[in-house]
Every structure is written in structure tokens, then in C-alpha cells.
Amino acid sequence: MGIIRKISEEEIASFTKSHDIVTASNFVVAREHRTLLGKISHFLASTQETASDAASIRILLANNSGLYVINPDGVTELASISPTDTARLQLHPWDSMSDFKVKEKSRTALISWDVDGQKQTWEADISERSIFPFNVVYLPSLAFYANQMREERKNGANRA
């Protein structure tokens with residue numbers, strides 16, 4: 001993993017408030033998950049390892065609307081993201097997602113789901129020494145909330 005700009009809880013809270021995104025502590029900062037083979041290929045093909053790793057960092061945030069995937073862009077402030085910038089601010093509504101899973105390992109958690117036929121898999125560092133120490137606190141909340149929302153949407157669709 002390369003050098004990554006630290007994103008604070010306060011910066012995330014300020015961003016969600018300024019963009020009218022209602023949330024509690026249902027977020028984590030994660031990076032794109034790569035298998036061991038993917039990591040080796042990426043390392044061999046990349047001369048800018050730190051730049052490409054920094055670009056793959058995302059904030060995963062759950063609320064009633066769905067799961068937001070926010071791209072902090074590695075170098076710019078979160079505040080510079082426009083609410084209409086769909087490249088940096090994506091919302092996956094709960095009813096468009098399937099197979100949402102959180103699999104915890106010893107120091108990381110894999111967060112995955114399918115949306116529009118594409119599998120998304122992100123990896124959050126949940127060790128006490130993480131650059132994002134709030135991940136270890138907020139991951140259970142994100143997982144619980146996301147699973148609860150998925151179930152509510154599924155049960156509502158089954159009743160209709």
C-alpha cells in the first residue's frame with residue numbers, strides 16, 4: 001500500500017452535512033480489494049504505486065437512500081466534490097444491490113456487493129493502528145445498517 005492522505009472523521013462529517021447526506025456513524029474508509037495475484041500484477045505494471053493506491057481509496061457510507069461510494073481523490077479536499085459529480089460521488093440504492101457481505105479477517109474487512117451485474121469489493125483496515133482508526137469502531141454499524149436496509153427493502157418488495 002502506498003502513501004495515502006489521511007481523511008478525518010470531522011472532514012467526513014463536514015462533507016455529509018454540506019451535501020445533505022444524512023448519516024450517523026455508518027461509514028468506513030476502504031481501498032479497492034485486490035487478490036494476491038492482482039497485487040503482484042499491479043505492482044509489476046505500476047511505476048506510480050503510491051499514486052494509484054491513493055486513487056483507489058473510497059469512503060463507503062450507508063444511509064436510508066443506499067450505499068454511497070465517495071472518491072476523495074487522494075489529494076483534494078472532500079469539500080471540492082460537487083453533489084452532481086457522479087464520478088466521485090456514487091449512490092447505489094438498496095434495491096439495486098444484491099449479495100451485500102462484510103467478511104472480517106484479523107486486520108481487515110472485505111465489504112462486497114453486486115450492483116447492476118458488477119461485483120464491487122473493498123477492503124477496510126480494522127486494526128487498532130490503522131491510519132483510519134475509526135474504521136474499527138464504525139464497521140459493525142455500517143454492516144448492521146446496510147444489512148437491515150437491504151432486508152427492509154427486500155421485505156417491502158415481497159409484500160408488494
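No experiment lies behind these values; they were computed from the predicted model shown.

Asker: Looking at this structure, I do not really get the nonpolar core. What am I missing?
Answerer: Generally speaking, nonpolar side chains in soluble globular proteins are found buried as a group. The biggest cluster of nonpolar side chains holds 21 residues, and the ones touching the most others in it are Leu-60, Leu-67, Ile-111 and Trp-113. Among the secondary structure elements, those contributing two or more residues to this core are strand E1 (27-32), strand E2 (57-63), strand E3 (66-70), strand E5 (97-104), strand E6 (108-115), strand E7 (118-125) and helix H4 (134-159). Aside from chain neighbours lying at most four places away, what touches Leu-67 is Leu-61, Ala-62, Gln-90, Leu-91, His-92, Trp-94, Met-97, Phe-100, Trp-113 and Leu-142. In terms of nonpolar packing, the next biggest core, distinct from the first, is built from 17 residues, Ile-7, Ile-59, Ile-70 and Ile-81 among them.

Asker: I'm lost on the pattern of salt bridges in this one. Help?
Answerer: In this structure the tally under the stated criterion is 3 salt bridges. A salt bridge links Asp-99 to Lys-101; its shortest N-O distance comes to 3.6 Å. Residue Lys-101 is classed as partly exposed on the basis of its relative accessible area, which comes to 43%. When the shortest N-O distance is used, the salt bridge between Asp-99 and Lys-119 registers 3.9 Å. With Asp-99 in strand E5 and Lys-119 in strand E7, this residue pair connects regions lying 20 residues apart in the sequence.

Asker: Is there a simple way to think about the packing of aromatic side chains in this case?
Answerer: Each aromatic ring pair is characterised by the separation of its centres together with the angle its planes make. Tallying each qualifying case throughout the model produces 6 aromatic pairs. Taking the centre distance of 6.5 Å and the plane angle of 85° together, the rings of Trp-94 and Phe-100 count as edge-to-face. The residues Trp-94 and Phe-100 share a single accessibility class, namely buried.

Asker: Help me understand helix H1 (residues 9-18), please; the structure alone is not making it clear to me.
Answerer: Because an α-helix packs 3.6 residues into every turn, residues spaced three or four apart end up facing the same way. Along H1, the residues classified as buried are Glu-11, Ile-12, Phe-15 and Thr-16. Viewed end-on, H1 has its buried residues packed into an arc of 130°, placing them on one side of the element. Of the exposed residues in H1, the ones pointing more than 90 degrees away from its buried face are Glu-10, Lys-17 and Ser-18. Positioned one or two residues after H1, Asp-20 has a phi angle of 55°, which is positive.

Asker: Even after reading the chapter, I still don't get the environment of Ser-65, so can you show me in this structure?
Answerer: Tracing the chain through its elements places Ser-65 in the loop between E2 and E3. With 28 residues separating them in the primary sequence, Ser-65 and Pro-93 have C-alpha atoms 5.8 Å apart. Leaving out residues up to four positions away in the same chain, Ser-65 has contacts with Leu-91, Pro-93 and Trp-94.

Asker: Which parts of the structure should I look at to understand the side chain of Gln-120?
Answerer: One can find Gln-120 in strand E7. A distance of 3.1 Å separates polar atoms of two side chains, one belonging to Gln-120 and the other to Trp-122. Among all residues touching Gln-120, those that are not within four sequence positions of it are His-92, Ile-111, Ser-112, Trp-113 and Val-115.

Criteria and thresholds
Residues numbered from 1 in each chain as written. Predicted model: local features only at pLDDT ≥ 70, side-chain atom pairs only at ≥ 80, totals over all residues. Heavy atoms only, no water. Core = buried A, V, L, I, M, F, W, Y, C linked by side-chain atoms within 4.5 Å. Buried < 20%, exposed > 50% of the residue type's maximum accessible area, 1.4 Å probe, protein only. Helix = DSSP H or I, 4+ residues; strand = E, 2+ residues; numbered from the N terminus. Contact = heavy atoms within 4.5 Å. Salt bridge = Lys/Arg side-chain N within 4 Å of Asp/Glu carboxyl O. Phe/Tyr/Trp six-rings, centres within 6.5 Å; stacked < 30°, edge-to-face > 60°. Arc of directions from axis to C-beta. Polar contact = N/O pair within 3.5 Å; in protein donor to acceptor, adjacent residues only side chain to side chain.

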